[in-house]
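# Observations on the model geometry
So you can see what is in the structure, the chains are spelled out below.
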Amino acid sequence: MDRETKERIASGELRHIAFIMDGNGRWATRAGKSRNEGHRKGAKTFEEIASYCHEIGVRHVTVYAFSTENWRRPESEVSALMRLFSSYLDTAIRRFTEKKVRVVFLGDKTPFPPAIVKKMKRLESDSSSYSDTLNIAFNYGGREEIVHACREALAAGEEISEEAVARHLYTAASPDPDLIVRTAGEMRLSNFLLWQAAYAEFYYTDVLWPDMTFADVDKACVDFLRRKRNFGGIDPNPGPD
Ligand code: FPP
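I will try to describe carefully the structure that is included in this document.

The rules behind the values
Residues numbered from 1 in each chain as written. Predicted model: local features only at pLDDT ≥ 70, side-chain atom pairs only at ≥ 80, totals over all residues. Heavy atoms only, no water. Near = heavy atom within 4 Å. Polar contact = N/O pair within 3.5 Å; in protein donor to acceptor, adjacent residues only side chain to side chain. Areas by Shrake-Rupley, 256 points an atom, 1.4 Å probe, with all protein chains shown as cover. 1 Å grid on protein atoms, 1.4 Å probe; cavity = no way out; pocket = protein on both sides within 12 Å on 5 of 7 lines; lining within 4 Å. Sits in = over half its atoms within 2 Å of the grid points. Helix = DSSP H or I, 4+ residues; strand = E, 2+ residues; numbered from the N terminus. Nonpolar A, V, L, I, M, F, W, Y, C, P; charged D, E, K, R; others polar. Contact = heavy atoms within 4.5 Å. Core = buried A, V, L, I, M, F, W, Y, C linked by side-chain atoms within 4.5 Å. Buried < 20%, exposed > 50% of the residue type's maximum accessible area, 1.4 Å probe, protein only. Arc of directions from axis to C-beta.

## Some words on the site of the ligand
The environment of the ligand is formed by 15 residues, the closest being M21, G25, R26, R35 and R73. In the environment of the ligand, an oxygen atom lies 3.4 Å from a nitrogen or oxygen atom belonging to the backbone of G23. At a separation of 2.8 Å, an oxygen atom of the ligand approaches a polar side-chain atom of R73. Within the complex, the protein chains bury 91% of what would otherwise be the 620 Å² of accessible surface of the ligand. When atoms are counted within 2 Å of each cavity's grid points, the one that captures over half of the ligand is the largest pocket. Mapped by element, the contributors of at least two residues to the shell around the ligand are α2 (24–31) and α3 (35–55). A per-element tally of the shell around the ligand places α3 first, with five residues. Along the lines of polarity and charge, the residues of the shell around the ligand split into five nonpolar, six polar and four charged.

Encoded structure:
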C-alpha cells in the first residue's frame, strides 16, 4: 500500500471496512473441490484479510460469515460451517484478541450449542477493553438486528429514537462502516448492516473471496478514497464543472 493511502487511513478517513465474503462455492467448483473446501479456504482468507486491514490502520473490520438465511443450505454444509467456526474460535479468532483486537459477534447466539456460546462470550469479554474491533456476523440478519435493538431499547425503558436504536445494535462498539466490499461479482446487500449502511460506500469486485489478496484490499481502499462523501449535504468546494 502506498504512503498517501496509509496516511489517509491513519487520519481516520477510512475507519471501518465491512466484507461480504462471497464466492467460496464457485471457487471450489472451479478448483474441482468440495464446497466445504471452499469455505475452509475462505476462512483462511478471512484471517489474513482481517489482520491485514488492522495492520494498514483500519480500526474496525466486519465480516459476514453466516446469515440468518444460510440455515436453508444443506445440513451437511451448515454443520461443516459450524465446525469450521468452532475451530476458529479456539485458534484464529483467539489470536485477534491476543493482538489486542476486540472481537464482537453480531447476531443471535441462541441457536448455537452452549459450549460454542460460552467460547464466543469468553472471547468477547476477554477483549472488551480494546478499541480496534473485529465484528464477526454469525447468524446475523440486518432486519433481525433492528427488531432486536428496538426490543432492547424498550426493555431498558428508552423511547425509540435513532440514537436509542443505534445504541442497541450488535455493532454498537464500532462506527458505521465507511466501505462495504462484496466479492464474487454480486451487487446486493443480502440483509447485511441495513441500518449502518445508510452512508456507506460500496465496492464490488469479481474476485472470489478465497482469492482475495492484500492488493485487492489496497485497490478497494484507493477507490474509496477517491470518492466524495457528502452525507446528504452538498460539497462545500465543488471546483469547476
Ligand atoms: C458465501 O459463499 C460464503 C458463506 C456463506 C460463508 C462465509 C464463510 C467463510 C468465508 C468462512 C468464515 C469462517 C469464519 C471462521 C469466520 P457461497 O458459499 O455463497 O459461495 P457461492 O455463492 O460461490 O456458492
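## Details of the side chain of N70
As for its placement among the helices and strands, N70 is situated in the loop between β2 (60–67) and α4 (75–90). Discounting residues that sit within four places of it in the chain, N70 has contacts with A65 and V78.

## What about the nonpolar core?
Judged by nonpolar contacts, the single largest core of 47 residues is most densely connected at I17, F19, F46, F85, I93, F105 and I136. Of the residues forming this core, the biggest block, seven residues, is contributed by α4. Beyond its immediate chain neighbours, meaning those up to four positions away, F105 contacts F85, L89, I93, M120, L123, E124 and I136. Among the nonpolar cores identified, the runner-up in size contains 13 residues, and I20, L106, I180 and A197 belong to it.

## Considerations on α2
Regarding α2, the residues found buried are N24, G25, W27 and A28. Down the axis of α2, the buried side of the element spans an arc of 160 degrees, and every buried residue falls inside it. Residues T29 and R30 are exposed on α2 and point more than 90 degrees away from its buried face. Against α3 lie the buried residues of α2. Positioned one or two residues after α2, G32 has a phi angle of 70 degrees, which is positive.

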